[in-house]
Amino acid sequence: MPDGYEKDPAMTNQYCPLCRRETAQLYFKDRKRDYLHCSHCDLVFVPPAFHFSYAEERAYYDLHENDVGDAGYRRFLSRCAEPLLARLPAASRGLDFGCGPGPALAAMLEARGHSVALYDRHYANHPQVLKEQYDFICATEVLEHLHNPEDELTRLWGCLKPGGVMAIMTKLVISRERFANWHYKNDPTHIIFFSRDTLRWLACHWQAQLEFVADDVIFLTKP
Ligand SMILES: [Zn+2]
């Protein structure tokens, strides 16, 4: 994957890390970073030159990660967990991808009789769990952190059984005007931003069934 980011992105089409086309151009610029937009899949992304290193990312997460026992955080996650629980057969087996240091969502699902494997690049780096197959996969507040979304999402989708559901939680881009004042983009570890159209593109690419369950909760079901 090329990380040669042209210094004058307004002039040249740039490489999109999701659809892999050279169809991205400058979308927005703030004091710290540039943001590009892909005209093919509608992804907004921060070029690699502005990404944190692995160590910088870890230091940031250690300061900001959520606590498994925090009631507000569990309420937040329940907006994804409850609709997911409503459609899971009893004793399903899932994967919490990007679970963080305190896997609150996994605890909530296990309390209802499902089993949940954990994967996190920083806190549960067990690559063998990504070689197995699951009835469901949760990716809550994780897509926006992916450095190589095409590779990482393809691998993740491959871990889902036919008929299985991938439950995603991420805040979506609405418009350039809203983006300018959007706090979500100011987190330095947030480097890619999906819109509804990006998710439609992904669903089409995967031939998946797409459901917008809430403003920031999306389910993709594998055929
Ligand atoms: Zn694209």
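Calculation notes
- Residues numbered from 1 in each chain as written.
- Predicted model: local features only at pLDDT ≥ 70, side-chain atom pairs only at ≥ 80, totals over all residues.
- Heavy atoms only, no water.
- Core = buried A, V, L, I, M, F, W, Y, C linked by side-chain atoms within 4.5 Å.
- Buried < 20%, exposed > 50% of the residue type's maximum accessible area, 1.4 Å probe, protein only.
- Helix = DSSP H or I, 4+ residues; strand = E, 2+ residues; numbered from the N terminus.
- Contact = heavy atoms within 4.5 Å.
- Pairing = 2+ DSSP bridges.
- Right-handed = clockwise from strand over helix to strand, strands pointing away.

Where an unreviewed UniProt entry is consulted, the chain appears under the name Class I SAM-dependent methyltransferase, with the organism given as Biformimicrobium ophioploci.

*Asks:* Teacher, can you tell me more about the nonpolar core here?
*Replies:* A general trend in soluble globular proteins is that nonpolar side chains are found buried together. Residues Leu-18, Leu-95, Phe-97, Ile-137, Met-166, Phe-194 and Leu-220 are the most contacted members of the largest nonpolar core, which totals 39 residues. When residues of this core are traced back to their parent elements, those giving at least two are β2 (34-38), β4 (93-97), β5 (115-119), β6 (134-140), α4 (149-157), β7 (160-169), α6 (196-206) and β10 (217-221). The greatest single-element share of this core, amounting to five residues, is contributed by α6. Every residue in contact with Phe-194, bar those within four places of it in the chain, is listed here: Leu-18, Leu-43, Leu-143, Leu-153, Lys-171, Leu-172, Val-173, Leu-199 and Leu-202. Residues Leu-85, Met-108, Leu-109 and Val-217 belong to the second largest nonpolar core, which totals 20 residues.

*Asks:* Help me out: how do you make sense of the sheet that holds β2 in this one?
*Replies:* Strand pairing in a sheet is mediated by backbone hydrogen bonds. Such pairs are either parallel or antiparallel. Spatial ordering of the open sheet is given by β1-β2-β3-β8, a layout of four strands whose pairing is antiparallel. In the strand order of this sheet, the two ends are held by β1 (24-29) and β8 (192-193), each with one partner. As judged from the two bridges shared by strand β3 (residues 44-45) and β8, these two strands associate in the antiparallel manner. Paired with Phe-45 across the two strands is Ile-192, which belongs to β8.

*Asks:* How should I be thinking about the pairing of β4 in this particular structure?
*Replies:* On a regular strand, one side chain projects to one face of the sheet and the next to the other, so that they alternate. The buried count for β4 comes to four of five residues, which makes it a mostly enclosed element. For β4 and β5, the ladder comprises five bridges, and the chain directions are parallel. Bridging across to β5, Phe-97 finds its partner in Tyr-119. Following the chain from β4 across helix α3 (residues 104-110) to the adjacent parallel β5, one finds a crossover that is right-handed. Sheet topology note: the β4/β6 ladder contains three bridges and is parallel. Within β6, the residue paired with Gly-94 across the bridge is Phe-136.

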